[in-house]
Amino acid sequence: MINLYQAAYACLLQTDLNQKLAGATQLYADWQAGKLLREIVTDCPVQRVLIPGRPTRPELVHAKQVKQRKLTTVEGQRALLHAVAHIEFNAINLALDAVYRFRDMPDAFYADWLQVAAEEAYHFSLLRERLADLDCQYGDLPAHNGLWEQACKTDYDVMVRMALVPRVLEARGLDVTPGMMEQLREVGDTKTVGILEIILRDEIGHVRIGSHWFKYLCEQRGLEPQATFRQLLQDVMRAPLRGPFYLPGRLQAGFSVEEMEQLMRMEAEWDS
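Residues numbered from 1 in each chain as written. Predicted model: local features only at pLDDT ≥ 70, side-chain atom pairs only at ≥ 80, totals over all residues. Heavy atoms only, no water.

Asker: Even after reading the chapter, I still don't get the environment of Val 236, so can you show me in this structure?
Answerer: Examined against the element boundaries, Val 236 turns out to sit in helix 8 (residues 225-237). Each C-alpha atom, one on Val 236 and one on Leu 164, is 8.6 Å from the other, the two residues being 72 residues apart in sequence. Excluding its chain neighbours within four sequence positions, the residues that come into contact with Val 236 are Tyr 156, Val 160 and Leu 164. (Helix = DSSP H or I, 4+ residues; strand = E, 2+ residues; numbered from the N terminus. Contact = heavy atoms within 4.5 Å.)

Asker: What exactly am I supposed to notice about the environment of Gly 249 here?
Answerer: Secondary-structure assignment places Gly 249 in helix 9 (residues 247-252). In this structure, the C-alpha to C-alpha distance between Gly 249 and Arg 69, residues 180 residues apart in sequence, is 26 Å. Excluding anything up to four places from it in sequence, Gly 249 contacts Leu 174 and Ile 204.

Asker: Quick question: what am I supposed to make of the pattern of salt bridges here?
Answerer: Two side chains with opposite charge may pair up if their charged atoms get near one another. What the rule picks out here adds up to 17 salt bridges. The residue Arg 250 makes a salt bridge to Asp 175 at a minimum N-O spacing of 2.8 Å. With Arg 250 in helix 9 and Asp 175 in helix 6 (residues 158-186), this residue pair connects regions lying 75 residues apart in the sequence. Where Glu 197 meets Arg 185, a salt bridge forms, and the shortest distance between an N and an O atom there is 3.6 Å. Here Glu 197, found in helix 7 (residues 190-221), pairs with Arg 185, found in helix 6; they are 12 residues apart in sequence, far enough to count as distant. (Salt bridge = Lys/Arg side-chain N within 4 Å of Asp/Glu carboxyl O.)

Asker: I keep staring at the side chain of Gln 262 and nothing clicks. Help me out?
Answerer: With respect to the helices and strands, Gln 262 occurs in helix 10 (residues 257-271). According to the relative accessible area criterion, Gln 262 is buried, its value standing at 15%. The residues touching Gln 262, leaving out its near neighbours within four places in the chain, are Gln 226 and Arg 230. (Buried < 20%, exposed > 50% of the residue type's maximum accessible area, 1.4 Å probe, protein only.)

This is how it looks when you write it as structure tokens:
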């Protein structure tokens, strides 16, 4: 038997790209096969991970230094694919960190996040292949570290992590992906559109997983989920959710119509 937490930590810290992808996929297969044991061991205590395993490239820069380019050019298509690939790579580490870090959850929690890690690895592989079609590799362009910075800000509480990473950061991907797909259709890049369709479908499921466990934890603590979520936006994110929102995707991902109306009012009040 393999210790779940040790295995997740080893994959989280893995710097070799191919080994991380294979490891994330194998972890989920091992869980499904009953090969992973949830046992607390003294040589794998929970600790902060300020720098997860990643290759030496891409160079990490401030988000404002990541250039935006028009999708009508090959350079713009490369930049978009690279940016999305970087998000998916970070999402592998985020899912592995949830498995490694939060050890008092039901078995279904670990099944969910191991599945997410494996699916994010699949998404990254699709994007890397598409980048190669355009004579580009992951690491050729700079990227920013915003996703992992938020992981560090939420590593003290599983409820805060479930609220603010899946339901804020990953859910933002639901909002922007349909627009990206439309722009790519206009320039005839149907291959990338097909990849983004797969990613959008799966990411709705990932945000739904985050919504499920956030609401589960609120119930465990006697908290009202919608009010708690808005309070966390104020206290931790210090900002409202920003639209425009892809409402069909968010509704499928565990947001209610009432909640979305409240969040849109919160955005308007914040700006007034």
